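If you want the building blocks of each chain, they are given just below.
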Amino acid sequence: MSIAIRKLDSADAGFRDKLSAVLAFEASEDEAIDRAAAGILADVKARGDAAVLEYTQRFDRVQAASLAALEIGKDALQAALAGLSETRRAALQAAADRVRAYHERQKKECGSDGFLYREADGTELGQKVTPLDRVGIYVPGGKAAYPSSVLMNAIPAKVAGVQEVIMVVPTPDGVKNELVLAAAAIAGVDRVFTIGGAQAVGALAYGTATIPQVDKIVGPGNAYVAAAKRRVFGVVGIDMIAGPSEILVVCDGSTDPDWIAMDLFSQAEHDELAQSILLCPDAGYIAKVEASINKQLDAMPRKDVIRTSLTDRGALVKVRDMEEACEIANMIAAEHLEISTEDPQRWADRIRHAGAMFLGRFSSESLGDYCAGPNHVLPTSRTARFSSPLGVYDFQKRSSLIRVSEAGAQTLGKIAAELAYGEGLQAHARSAELRLK
Ligand SMILES: NC(=O)c1ccc[n+]([C@@H]2O[C@H](COP(=O)([O-])OP(=O)(O)OC[C@H]3O[C@@H](n4cnc5c(N)ncnc54)[C@H](O)[C@@H]3O)[C@@H](O)[C@H]2O)c1
Ligand SMILES: N[C@H](CO)Cc1c[nH]c[nH+]1
Ligand SMILES: [Zn+2]
């Protein structure tokens, strides 16, 4: 059965509205889910360990005498690593090494040393950068497990210098994913608890007798996890609210159509709500990609998920030219953007909004998901207009440094006092004036 994938032409009347319909995705703000998450959080805040245990039994069908019994020790993590096949262990290690190398470079290049400068009168001003003390990493474990997400969340935290990384991962029916545990060992995760959902977010945010309170919670999860993260923001920091995966391919029509069809599948297979779009100026090429989609689909183990995703949220779009493709790509602000063209840099220079850009025919998005090095936790749902990939900077914070010299206090004191009187704040003004000679 062939896929009824939407075909759009930017020259057609109503094109923008049709494209908007494909893009439309409201991060689940389902009231019932939000209410459920709020109830779970309040209960965990009030009853701590006991509440977490009860919800873990209810939702994951895991019974334990204590929350401490749901902690996986470092020996077990190492045993999981040792138990992997040689080739899988080597692949995990190679991915971790590349992700670490990239984030170490990022730490060096992104102003992690802070700065300090001195003015003529001796006043010094600057910024100090410090890592967060303790972070929580949510690793999804409901429908599928993502060992690569363990690496992508934990490694930048460790590179930033976070002292304690606490990972939570649900294990429905008590089934543990060995590759997830092995990834935790390689990434240097400090503690692992087999809990999930809003109760895990609550435990990390408020702390319980067994689980210490963290400073920030990162990592993707389902709608309950997302609702809980939204609600605990302020008590702790959060990274972002990740929506379903997205891929946008801009192609000039000369890449093998089988490659592009499979690239579209690669995100569609994540989730029925995932979004996969091709922009191309060549109608004949689009027809070839469509034929390839239909040719390759039946061999895919997750063909039903791919079919639904491509039917509901996929599109093959004929554009006027590559300039228009770039303009539309900026409007879509996709999580992943493949620029599969000759001279990809020429078009990349025109892109302002994308979570990650994959340049050239050999840069398939799947390489970025696992092992290229940059982070695969990226802004979705058009939030690349104002946010960035997860990085070392998410695990650091900055403090301003102000060391005013006696001479500096004379100049600044007069300015501050004048403005403080203007705001009607007497104590502020006097505090500055008392230091004037
Ligand atoms: N953007 C990314 O990088 C990325 C990576 C991996 C996964 N994801 C996404 O993360 C999500 C993972 O979802 P998942 O469900 O597989 O795993 P999950 O770990 O996020 O959720 C499982 C937990 O949900 C809770 N839960 C389930 N039903 C509930 C109910 N009725 N009431 C209250 N709580 C309930 C349970 O506590 C359970 O432990 C998917 O949407 C996937 O697409 C995104
Ligand atoms: N593409 C996902 C983020 O959008 C990350 C991932 C994990 N495993 C495979 N892919
Ligand atoms: Zn992926």
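Residues numbered from 1 in each chain as written. Chains lettered and ligands numbered in written order. Predicted model: local features only at pLDDT ≥ 70, side-chain atom pairs only at ≥ 80, totals over all residues.

### Things to note about the packing of helix 2 (residues 31-47) against helix 3 (residues 49-60)
The line we're drawing: Axis angles are defined between N-to-C directions and span 0 to 180 degrees, where every axis is a line fitted to C-alpha atoms and, for a helix, only to the segment in contact. Think of it this way: any DSSP run of H or I at least four residues long counts as a helix, any run of E at least two long counts as a strand, and we number them from the N terminus. Angular relationships are summarised with four words: roughly parallel below 35 degrees, roughly antiparallel beyond 145, roughly perpendicular across 65 to 115, and oblique for the angles in between. For every residue pair, C-beta atoms are placed from the backbone, and the pair is scored as a contact if these atoms sit within 7 Å. Gly is put with the polar residues, along with every residue not named as nonpolar or charged; the nonpolar set is Ala, Val, Leu, Ile, Met, Phe, Trp, Tyr, Cys and Pro, and the charged set is Asp, Glu, Lys and Arg.
Interhelical geometry of helix 2 versus helix 3 gives an angle of 140° and a closest axis separation of 6 Å. Judged on the interaxial angle alone, helix 3 and helix 2 are oblique. Contacts from Ile40, Asp43, Val44 and Arg47 in helix 2 reach Ala50, Ala51, Val52 and Tyr55 in helix 3. Taken together, the residues that form the contact of helix 2 with helix 3 break down as 6 nonpolar, no polar and 2 charged.

### Describing the site of ligand 1
Defined as follows: Working rule for contacts: place C-beta from the backbone, and if it is within 6 Å of a molecule or strand, that residue counts as near it.
Inspection of the region around ligand 1 gives 26 residues, with Gly142, Pro170, Gly196, Gly197 and Gly221 positioned closest. Secondary structure elements with two or more residues in the shell around ligand 1: helix 3, helix 8 (197-206) and helix 9 (223-232). Residues of the shell around ligand 1, tallied by class, amount to 13 nonpolar, 10 polar and 3 charged.

### Structural notes on the site of ligand 2
Taken together, Tyr146, Ser148, Ser149, Ser245, Glu335, Asp369 and His376 make up the full set of residues adjacent to ligand 2. For the shell around ligand 2, the residue count by class is 1 nonpolar, 4 polar and 2 charged.

### Looking at the UniProt feature "binding site: substrate" (unreviewed entry) in the protein
Rules: UniProt positions are given in the numbering used here, feature names are shortened, and annotations may be inferred rather than shown by experiment. Our exposure labels follow a C-beta count within 10 Å of each residue's own C-beta, placed from the backbone: buried means 20 or more other C-beta atoms, exposed means 12 or fewer, and partly exposed covers the counts in between.
UniProt marks Ser245, Gln267, His270, His336, Asp369, Glu423 and His428 with the feature "binding site: substrate" (unreviewed entry), using the numbering shown here. Considering the C-alpha atoms alone, the annotated residues occupy 184 residues of sequence and remain spread out, their largest mutual distance being 56.1 Å. Summarising the element assignment, Gln267 is placed in helix 10 (residues 257-268). C-beta crowding within 10 Å serves as the criterion here: with 28 such atoms nearby, Gln267 is assigned to the buried category. Every residue in contact with Gln267, bar those within four places of it in the chain, is listed here: Ser245, Glu246, Ile247, Ala274, Ser276, His336 and Glu365. The topology assignment puts Asp369 in helix 15 (residues 365-370). Not counting the four nearest positions on each side in its chain, Asp369 is found in contact with Ser148 and His376.

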